[in-house]
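Next come the chains, spelled out residue by residue.
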Amino acid sequence: MGQKKDLTGSEKSKIVRYLAEGCSSLKIAKLLKRDHRTIKRFIQNSQQGRKKRVEKPRRKITAHELRKVKRAAAKMPLATSLAIFQSCNITGVPKSTRCAILRDMAKVRKAERRPPLNKTHKLKRQDWAKKYLKTGFSKVLWTDEMRVSLDGPDGWARGWIGKGQRAPVRLRRQQGGGGVLVWAGIIKDELVGPFRVEDGVKLNSQSYCQFLEDTFFKQWYRKKSASFKKNMIFMQDNAPSHASKYSTAWLARKGIKEEKLMTWPPCSPDLNPIENLWSIIKCEIYKEGKQYTSLNSVWEAVVAAAHNVDGEQIKTLTESMDGRLLSVLAKKGGYIG
């Protein structure tokens, strides 16, 4: 029999067909006039399938070098693997090996955006925690604003895509598309709002007070009993439109003054439980990389997501305040999360 180097595509197809008919490898070799060993090799390789990738062994790093890398990673947050290894005078290590070593002792993270805390801020946060440590937080109304855009935060349109599938196409806007400013509050297990700030309105002291009059006071506060109004504590952050003399005097005329208006420490979004509510709502309205084509559609999504948050979730947030205050004191005024 003549012996050829490789089997042709036609011969391979015939071998598969003969095997399906129950022919032996020896009979197939005779039918194709090929060497029996060639036929057997092809059948064995077909049954084994694709060989698994064999990972190359890592370059050996000594225990002393590993300790140096660990210390450098702790001292150089957000540094690249190359910079960390170079600071330890460890050269000749490929990127794949560097990353594999670092994965055992560190994680890739983005930098967190937070207001800076100086010594004065930390002292004021501690004073605030001590002042309200014995407060019944079920009577505190936690308020804040949130801006939502048509496309959601950058980097949220990421996720797993099945093999063979194409990633969905996202709209690209030349001017961003604008956004909607939303105000809401939570107290005990109740959601107040959300209320939409009129498009194009910039919240200064006057417009903020008018907004509260048209929404919070007329649509919610006015319906409450006298005993509820007597005990409720109103919380707002230190945004200029909130903390101005005009706004403070206006709220005082509404009966929200002195102990009924909570003092708020500077640079403390981590202490306001409504920030967690905003996260819940944003995760819902932007899930799976969803985008919106109009401001009205994104507002409707916010309302639907807010109303889907049940009372137990809100209660969990408001009841977390005791733990937050203790964490502030334990961290000497530092961030709690």
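Up top is the structure.
Fair warning: this is a prediction, and the values are worked out from it, not measured in the lab. Throughout, residues of each chain are indexed from 1 in the direction in which the sequence is written. Owing to the predicted nature of the model, reporting of local features is limited to residues with pLDDT of at least 70; listing and counting of side-chain atom pairs is limited to 80 or more, with chain, interface and lining totals taken over all residues. To get the side-chain values, take all heavy atoms of the structure and skip hydrogens and water.

1. Overview of the sheet that holds strand 1 (residues 140-149)
Any two strands between which DSSP finds at least two bridges are classified as paired. Runs of H or I in DSSP of at least four residues are treated as helices and runs of E of at least two as strands, each being numbered from the N terminus. The strand order across the open sheet formed by four strands is 3-2-1-4, and the pairing between neighbours is mixed. The open sheet terminates on both sides in strands that have one partner only, identified here as strand 3 (190-196) and strand 4 (233-235). The average undirected angle you get between the axes of adjacent strands in this sheet is 20 degrees. One ladder, built from eight bridges, connects strand 1 with strand 2 (residues 179-187); its direction is antiparallel. Within the sheet, the bridge partner assigned to Glu145 lies in strand 2 and is Trp183. To obtain each axis, a line is fitted to C-alpha atoms, and for helices this fit is confined to the stretch in contact; angles are then taken between N-to-C directions over 0 to 180 degrees.

2. Regarding the side chain of Arg125
Examined against the element boundaries, Arg125 turns out to sit in helix 7 (residues 119-131). The buried label goes to any residue with under 20% of its type's maximum accessible area, the exposed label to any with over 50%, and the partly exposed label to all in between, with areas taken from a 1.4 Å probe on protein chains only. Its relative accessible area of 0% is what places Arg125 among the buried residues. The definition of a polar contact used here is a pair of N or O atoms within 3.5 Å, where within protein one atom must be able to donate a hydrogen and the other to accept one, and adjacent residues in sequence count solely through side-chain atom pairs. At a separation of 2.9 Å, a polar atom in the side chain of Arg125 contacts the side chain of Asp270. Whether two residues touch is decided by their heavy atoms; if any such pair falls within 4.5 Å, the residues are in contact. Arg125 has contacts with Leu117, Pro265, Pro266, Cys267, Ser268, Asp270, Leu271, Val328, Gly333, Gly334, Tyr335 and Ile336, leaving out every residue within four places of it along the chain.

3. Brief notes about the packing of helix 7 against helix 15 (residues 321-330)
In the contact formed by helix 7 and helix 15, the axes pass within 9 Å of each other and the chain directions differ by 135 degrees. With respect to their mutual orientation, helix 7 and helix 15 come out oblique. Note on packing geometry: the crossing formed by helix 7 with helix 15 is left-handed. Counting all contacts with helix 7, which are made through Arg125, Gln126, Trp128, Ala129 and Lys130, the residues of helix 15 involved are Met321, Leu325, Val328 and Leu329. For this classification, the nonpolar set comprises Ala, Val, Leu, Ile, Met, Phe, Trp, Tyr, Cys and Pro, the charged set comprises Asp, Glu, Lys and Arg, and every other residue, Gly included, is treated as polar. Among the residues forming the contact of helix 7 with helix 15, the class breakdown is six nonpolar, one polar and two charged. These descriptions rest on fixed angle ranges, namely under 35 degrees for roughly parallel, over 145 for roughly antiparallel, 65 to 115 for roughly perpendicular, and the rest for oblique. With the far helix as reference, a near helix turned anticlockwise by less than a right angle produces a left-handed crossing, and one turned clockwise produces a right-handed crossing.

4. Overview of the pairing of strand 2
The two faces of the sheet receive side chains in turn, since in a regular strand these alternate between them. Burial within strand 2 is extensive, with nine of its nine residues counted as buried. Sheet topology note: the strand 2/strand 3 ladder contains five bridges and is antiparallel. Along strand 3, the bridge assignment pairs Gly185 with Val192. Hairpin geometry of strand 2 and strand 3 is characterised by an intervening segment of two residues between the two adjacent antiparallel strands and by a positive phi of about 55 degrees at Lys188.

By themselves these figures say nothing about function.
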